[in-house]
Amino acid sequence: MLSHKKRPAEVHCDQWVLVAPESVTDLPGKTENGPVFTRLHNPRTGEAALYLFDTNAQQLFEVKAFHEEFHSWFIGQTVQHDGRLLLVTPVDPLFMVLYYLIKAEKEQGKFQPLDQVVIDAEFPSCSMLLQCAKLRPFLHHVTEEKEIGNKKFYKYSKEKTLKWLNKKVGQTVRALKIGNVNVGARVSSATFVPGDHGSDVKEEDYICYAHGLISEYIPKELSADLAKYLKLPELSASLPEPPLKKRKVSDGPVEAEEDYTKFNRVDLKTKKTNSKMTAAQKALARVDKSGMRSISTFFGTKAKAGK
Amino acid sequence: MGSHAERKRRDGAQPSARVPSASPAAAHAHRESMPDGAAPAVPGLIRLQPSSVRAAAQTPLHLLPCEIQHNGPAAVSRFFSPAIRPGSSGPVVSFRGRSLHGEEVTLPSGYMGLVLREDKSEGPEDRTVQAIGTFSCFTLWGLEAPPGPNARMHRALSWPSLATAIHAPVAEEDD
């Protein structure tokens, strides 16, 4: 048998193992237009990331890759080199639109109809966000509204947004408690054992952790404002920050352990040199690693706690 | 208190688990790259074909703790599945001289697994992916030891419920 040493990125396959809500995959016989994958901006960085709209674009989902090094799949009677598990989870479309509202506020600073705010030549499918059922009824949480004639005009409101984000942090904290997520930044047991909280976990640890998770979906400036609003001690003290900063400076595959996006990064680097890349691989290569950060933050805790 | 770097090194110390490809030729069988120039009507959409999801059959999946440098057919039911035997903590199998310990992982409730493959026959202006298999559980294999409750996969699979909470609309109030 031949020994076949290849770099992972060179072994391509247009095949993915994906886990998605049944609401997305349950497609009755009459459904002709199924869900669509598309590239949208990551609301924190503005870079491309992979998203999914369900049938008729009623709901938005993000696609995150869970990847551990040295893993491959047996699928039926086949082998798939790519050992990633893609997770499709819901995203509040308000985070996505907030990004454009803030941009419009900086550029024009006036009341505008939403379809003039959510326009992006780089990500044309952003207009599909406007179809999301959970968008328009909730816009008032982040904007001032004016109605002239039958048309509604919106303007970003930082004050209202911070209030809204505060509620988001609150509901995230509740979920962290229910889920028994170990949020203690300096808990000595580096392992995650469901139901096994460090008894010294403070409310502030939960808020810090939730702030870190929410920060994955808002621009950095707003994240800093939110930290102040929440009266968090120091932004750098919030748990998920260090891995993010670290990830930023080291762009190589060095961090493979906690970086679920390693393959994308590698693809990105080989993009120009590998002429045999398919369109799908190119699309994936363009897909942002940072779009997959929040999950790595979530799962990064274990390593962080071990420091 | 294993540091990041240590953990990395430990993982890096596993390359012996890399398995040579059974058929290198198949790994080379890339498709020709699609020209990006031909702009689709709605650019960048990849449609999941509903009929393929309805037609897809339950497929057994195994996540192996080693990297196999190959994509394509593998005689899993001939050489791998029959070698699985019950162990004290769960299924055990010997794979390329290494002992693997398995654990059945069930997907979070309300979630479904799909194996998707991109269908290139229709050209870049109409990109589609087909579901070629479904799953509601898979076997997670650990190298020399069972994955156990601390396996990072378990945390990964707890992400959907947390994500749902983060992204739920906030409760309205009367202010």
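Residues numbered from 1 in each chain as written. Chains lettered and ligands numbered in written order. Predicted model: local features only at pLDDT ≥ 70, side-chain atom pairs only at ≥ 80, totals over all residues. Heavy atoms only, no water.

(A) Inspection of the environment of Glu69(A) at higher detail. With respect to the helices and strands, Glu69(A) occurs in the loop between strand 4 (60–66) and strand 5 (72–75). Taking C-alpha positions, Glu69(A) is 8.0 Å from Gly83(A), a pair spaced 14 residues apart along the chain. (Helix = DSSP H or I, 4+ residues; strand = E, 2+ residues; numbered from the N terminus.)

(B) Structural context of unusual backbone geometry. Residues and elements named next belong to chain A. We note that Asn56 has phi near 65 degrees; this positive angle belongs to a residue other than glycine. Relative to the helices and strands, Asn56 resides in the loop between strand 3 (48–53) and strand 4. You can call Asn56 exposed: its relative accessible area is 55%. Here Ala57, not a glycine, exhibits a phi torsion of approximately 55 degrees, which is positive. (Buried < 20%, exposed > 50% of the residue type's maximum accessible area, 1.4 Å probe, protein only.)

(C) Representation of the environment of Val91(A) within the structure. The residue Val91(A) is located in the loop between strand 7 (85–90) and helix 2 (93–107) in this model. Judged by relative accessible area, which is 4%, Val91(A) ranks as buried. The sequence separation of Val91(A) and Glu62(A) amounts to 29 residues, and the corresponding C-alpha distance is 6.2 Å. Excluding anything up to four places from it in sequence, Val91(A) contacts Tyr51(A), Leu60(A), Phe61(A), Glu62(A), Met96(A) and His167(B). (Contact = heavy atoms within 4.5 Å.)

(D) Region of the structure containing the packing of aromatic side chains. One pass over the structure, following the stated rule, counts 9 aromatic pairs over all chains. Judged by centre distance (5.2 Å) and plane angle (75 degrees), the ring pair of Trp73(A) and Phe138(B) falls under edge-to-face. With Trp73(A) in strand 5 and Phe138(B) in strand 9 (residues 137–143), this pair bridges two chains. For the pair formed by Trp73(A) and Phe138(B), the shared burial category is buried. Centre to centre, the rings of Tyr99(A) and Tyr100(A) are 5.4 Å apart; their planes meet at 85 degrees, and the pair counts as edge-to-face. An identical accessibility class is assigned to Tyr99(A) and Tyr100(A); each is buried. Taken together, the ring pairs in this structure connect Phe74(A), Phe80(B), Phe95(B) and Trp141(B) into an aromatic cluster. The ring of Tyr206(A) is capped by Lys177(A), whose NZ or CZ atom sits 5.3 Å from the centre of that ring. (Phe/Tyr/Trp six-rings, centres within 6.5 Å; stacked < 30°, edge-to-face > 60°. Lys NZ or Arg CZ within 6 Å of the ring centre and 35° of its normal.)

(E) Summary view of the packing of helix 4 (residues 158–178) of chain A against helix 6 (residues 159–167) of chain B. Where helix 4 of chain A contacts helix 6 of chain B, the axes come no closer than 8 Å and their chain directions differ by 155 degrees. In terms of orientation, helix 4 of chain A lies roughly antiparallel with respect to helix 6 of chain B. Two packed elements cross with a definite hand, and for helix 4 of chain A against helix 6 of chain B that hand is right-handed. Contact residues: Lys168(A), Gln171(A), Thr172(A), Ala175(A) and Leu176(A) in helix 4 of chain A; Leu162(B), Ala165(B), Ile166(B) and His167(B) in helix 6 of chain B. Across the contact of helix 4 of chain A with helix 6 of chain B, the residue classes break down as 5 nonpolar, 3 polar and 1 charged. (Axes fitted to C-alpha atoms, helices over the stretch in contact; angles between N-to-C directions. Parallel < 35°, antiparallel > 145°, perpendicular 65-115°, else oblique. Left-handed = near helix turned anticlockwise from the far one by under 90°. Nonpolar A, V, L, I, M, F, W, Y, C, P; charged D, E, K, R; others polar.)

(F) The sheet that holds strand 5 of chain A, seen in detail. If you trace the 8 strands from one edge of the open sheet to the other, you get 3(B)-6(A)-5(A)-2(B)-9(B)-6(B)-5(B)-4(B), paired in mixed fashion. One side of each edge strand has no neighbouring strand; the edge strands of this open sheet are strand 3 (72–73) and strand 4 (85–86) of chain B. (Pairing = 2+ DSSP bridges.)

(G) Quick peek at the pattern of salt bridges. Enumeration according to the criterion identifies 12 salt bridges over all chains in this entry. When the shortest N-O distance is used, the salt bridge between Glu62(A) and Lys64(A) registers 3.3 Å. On the accessibility criterion, Lys64(A) (0% relative accessible area) is buried. In this structure, the salt-bridge partner of Arg98(B) is Glu144(B), at a minimum N-O distance of 3.0 Å. One end of the pair, Arg98(B), is in strand 6 (residues 98–106); the other, Glu144(B), is in the loop between strand 9 and helix 5 (152–156), with 46 residues separating them in the sequence. (Salt bridge = Lys/Arg side-chain N within 4 Å of Asp/Glu carboxyl O.)

(H) Spatial organisation of the pairing of strand 5 of chain A. Of the two faces of strand 5 of chain A, the one lined by Ser72(A) and Phe74(A) and the one lined by Trp73(A) and Ile75(A) are each fully buried. Two strands pair when backbone bridges link them, and strand 5 of chain A and strand 2 (residues 61–64) of chain B are joined in this way by 4 bridges, in the antiparallel orientation. Within strand 2 of chain B, the position partnered with Trp73(A) by the bridge is Leu63(B). Of the strand pairs in this sheet, strand 5 of chain A and strand 6 (residues 78–80) of chain A are connected by 3 bridges, and their pairing is antiparallel. Its bridge partner lying in strand 6 of chain A, Ile75(A) is registered against Thr78(A).

Geometry only, nothing functional implied.
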